[in-house]
Amino acid sequence: MEEVVKCENFYIAGDYERAIEAGKIAVEKDSNNLKAHYCLGRSYCKIGEFKLALEHMTKAERLTSDKQDLIYIYNQIGLIYDSMGYLDGALLYYSRSLSLTKDLVNKSMQVSVLNNIGAIYYYNYKGELDKALDFYEESLRLQTDEKEKAITYNNIANIYYNLL
């Protein structure tokens with residue numbers, strides 16, 4: 001659908017308002033379009049409209065049983081809950097995404113989700129730096145590109161700094 005492609009292109013370009021407009025049109029044309037709801041949810045998240053983002057992501061979740069799609073949807077729902085401060089909800093959805101990444105051997109998303117979980121323990125759950133470290137180290141073991149490891153090394157270094 002043309003409007004979904006527009007939504008995705010505007011999202012990639014960082015023009016979230018126009019992505020939202022295109023996403024709304026796509027949803028009006030086909031309320032059961034998974035990609036329209038996904039793009040609209042991500043776009044709303046980027047502008048801080050978390051309730052609307054969650055509404056569209058949960059609609060996208062209901063529209064599919066495809067595990068590959070659900071990896072990304074669950075991760076996005078986790079990000080939304082994390083942004084809203086609902087850490088238990090965020091961990092629940094990140095865990096769902098992580099489980100699917102392992103089932104489907106999607107290492108790049110597994111790395112991303114492990115880092116998201118590590119960040120929750122590092123930034124939000126005081127006194128659980130050891131858990132954060134475990135997730136960051138697991139993420140690091142899966143990474144092969146030295147440049148990509150830099151962020152994870154930085155996160156690990158910050159934990160050790162805080163443990164001093």
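Structure shown above.
Note that this is a predicted model, so its numbers are computed, not measured. Along each chain, residues carry numbers from 1 onward, in the same order as the chain's sequence is written. The model is predicted, so local features are restricted to residues of pLDDT at least 70 and side-chain atom pairs to those at 80 or more, both for listing and for counting; the totals for chains, interfaces and linings are taken over all residues. For the side-chain quantities, the full set of heavy atoms in the structure was used; hydrogens and water were omitted.

(A) The packing of helix H3 (residues 34-46) against helix H4 (residues 50-62), seen in detail. Whenever a helix is involved, its axis is fitted only over the stretch in contact; in every case the axis is a line through C-alpha atoms, and angles between N-to-C directions fall within 0 to 180 degrees. Helix numbers and strand numbers start at the N terminus; a helix is a DSSP run of H or I with at least 4 residues, a strand a run of E with at least 2. In the contact formed by H3 and H4, the axes pass within 8 Å of each other and the chain directions differ by 160 degrees. Considering the angle they form, H3 stands roughly antiparallel to H4. In this structure, H3 crosses over H4, and the sense of that crossing is left-handed. Taken together, the residues of H4 that come into contact with H3 (itself represented by Leu34, His37, Tyr38, Leu40, Gly41, Arg42, Tyr44 and Cys45) are Phe50, Leu52, Ala53, His56, Met57, Lys59 and Ala60. Note on residue classes: Ala, Val, Leu, Ile, Met, Phe, Trp, Tyr, Cys and Pro are nonpolar, Asp, Glu, Lys and Arg are charged, and everything else, Gly too, is polar. Looking at side-chain class alone, the contact of H3 with H4 contains 10 nonpolar, 3 polar and 2 charged residues. The cut-offs work like this: below 35 degrees is roughly parallel, past 145 is roughly antiparallel, 65 to 115 is roughly perpendicular, and the gaps in between are oblique. For any pair of crossing helices, the crossing counts as left-handed if the nearer helix is rotated counterclockwise from the farther one by less than a right angle, and right-handed if it is rotated clockwise. A contact between two residues is defined here by any heavy atoms of the two lying within 4.5 Å.

(B) Quick peek at the state of the cysteines. Throughout, disulfides are identified as pairs of cysteine sulfur atoms within 2.5 Å of each other. In total, this model carries 1 disulfide according to the counting rule given. Disulfide partner of Cys7: Cys39, at an S-S distance of 2.1 Å. Handedness here is read from the sign of the S-S torsion; for Cys7 and Cys39, about -100 degrees, the answer is left-handed. Separated by 32 residues along the polypeptide, Cys7 in helix H1 (residues 2-13) and Cys39 in helix H3 bring together distant segments of the chain. Owing to a relative accessible area of 1%, Cys7 belongs among the buried residues under this scheme. No disulfide involves Cys45; its sulfur sits 12 Å from that of Cys39, the nearest cysteine. Buried, partly exposed and exposed residues are distinguished by accessible area as a fraction of the type maximum, computed with a 1.4 Å probe on protein chains only: under 20%, between the cut-offs, and over 50%, respectively.

(C) Just the environment of Tyr86, in detail. The topology assignment puts Tyr86 in the loop between helix H5 (67-84) and helix H6 (87-103). On the basis of relative accessible area, Tyr86 is assigned to the partly exposed category, the value being 47%.

(D) Layout of the layout of surface pockets. Here a cavity denotes a set of grid points, spaced 1 Å apart and computed over the protein atoms alone, in which a 1.4 Å probe fits but from which it cannot get out, and a pocket denotes an open set meeting protein on both sides within 12 Å along at least five of seven lines; residues with an atom within 4 Å of a point are reported as lining. Grid points are joined across faces, edges and corners, and a volume is the space filled by probe spheres set on the points. Of the volumes computed, that of the largest pocket is approximately 170 Å³. Lining the largest pocket are Glu8, Leu34, Lys35, Tyr38, Cys39, Arg42, Asp69, Tyr72 and Ile73. Among the secondary structure elements, those contributing two or more residues to the lining of the largest pocket are H3 and H5. When residues in the lining of the largest pocket are grouped by element, the largest group, 5 residues, is from H3. Of the residues that constitute the lining of the largest pocket, the class distribution is 5 nonpolar, no polar and 4 charged.

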